[in-house]
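Chains, contacts and geometry: an overview
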Amino acid sequence: YGVPAMFFEPTLRTAALAVAWTGLMTTALNRFIETTALGKMKSAEASVILATEPLWASLFAALWLKEDFGANDYIGGALIV
């Protein structure tokens with residue numbers, strides 16, 4: 001099945017909607033907003049934000065999802081900083 005055909009198959013419609021949502025909202029819209037915002041910043045500031053993105057993701061995972069980290073995670077974070 002291709003994604004367009006999945007919309008017409010009742011048993012696969014939920015999966016097709018999930019694929020469409022993921023592709024359009026969480027990927028395309030995010031990329032558009034991120035590119036627009038970073039285009040209005042100085043290059044040095046934008047590079048720091050992009051370089052520290054994994055650290056922010058880890059911080060939010062720890063705060064909201066109660067994610068546990070091991071020694072490798074802390075070492076990797078220290079190497080980024």
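Below is a short write-up of the structure. Just so you know, these numbers come straight off a predicted model, no measurement behind them.

Overview of the packing of aromatic side chains
For the structure shown, the criterion picks out 3 aromatic pairs. Here Phe60 and Trp64 contribute two aromatic rings whose centre-to-centre distance is 5.0 Å and whose plane-to-plane angle is 20°, an arrangement assigned as stacked. Of this pair, Phe60 and Trp64 both sit in helix α4 (residues 53–64), 4 residues apart, which is roughly one turn of the helix. You can call Phe60 partly exposed: its relative accessible area is 37%. Between the aromatic rings of Phe69 and Tyr74, the centroid separation amounts to 6.2 Å while the plane-to-plane angle is 75°, which identifies the pairing as edge-to-face. For Phe69, a relative accessible area of 28% gives the class partly exposed. Taken together, the ring pairs in this structure connect Trp56, Phe60 and Trp64 into an aromatic cluster.

Concerning α4
With 12 residues, α4 extends 16 Å between its outermost C-alpha atoms, agreeing within 8% with the 16 Å of an ideal straight helix rising 1.5 Å per residue. Looking one or two places after α4, you find Lys66, whose phi comes out positive at around 55°.

Things to note about unusual backbone geometry
Backbone geometry places Lys66, a non-glycine residue, at a positive phi of 55°. Mapped onto the elements, Lys66 comes out in the loop between α4 and α5 (71–80).

Cut-offs used in this document
- Positions within a chain are numbered from 1, following the residues in the order the chain's sequence is written.
- In view of the model being predicted, local features appear only for residues whose pLDDT reaches at least 70, and side-chain atom pairs are presented and counted only at 80 or more, with totals across whole chains, interfaces and linings using the full set of residues.
- Note that the side-chain values use all heavy atoms of the structure and ignore hydrogens as well as water.
- Two rings belonging to Phe, Tyr or Trp (six-membered ring only in the last case) form a pair when the distance between their centres is within 6.5 Å. Interplanar angles under 30 degrees mark stacking, angles over 60 mark edge-to-face geometry, and anything in between is tilted.
- Helix and strand assignments follow DSSP, with helices taken as H or I runs no shorter than four residues and strands as E runs no shorter than two, numbered in order from the N terminus.
- Residue exposure (1.4 Å probe, protein chains only): buried if accessible area is under 20% of the type maximum, exposed if over 50%, otherwise partly exposed.
- In a helix, the anticipated span is given by 1.5 Å times the number of residues less one.

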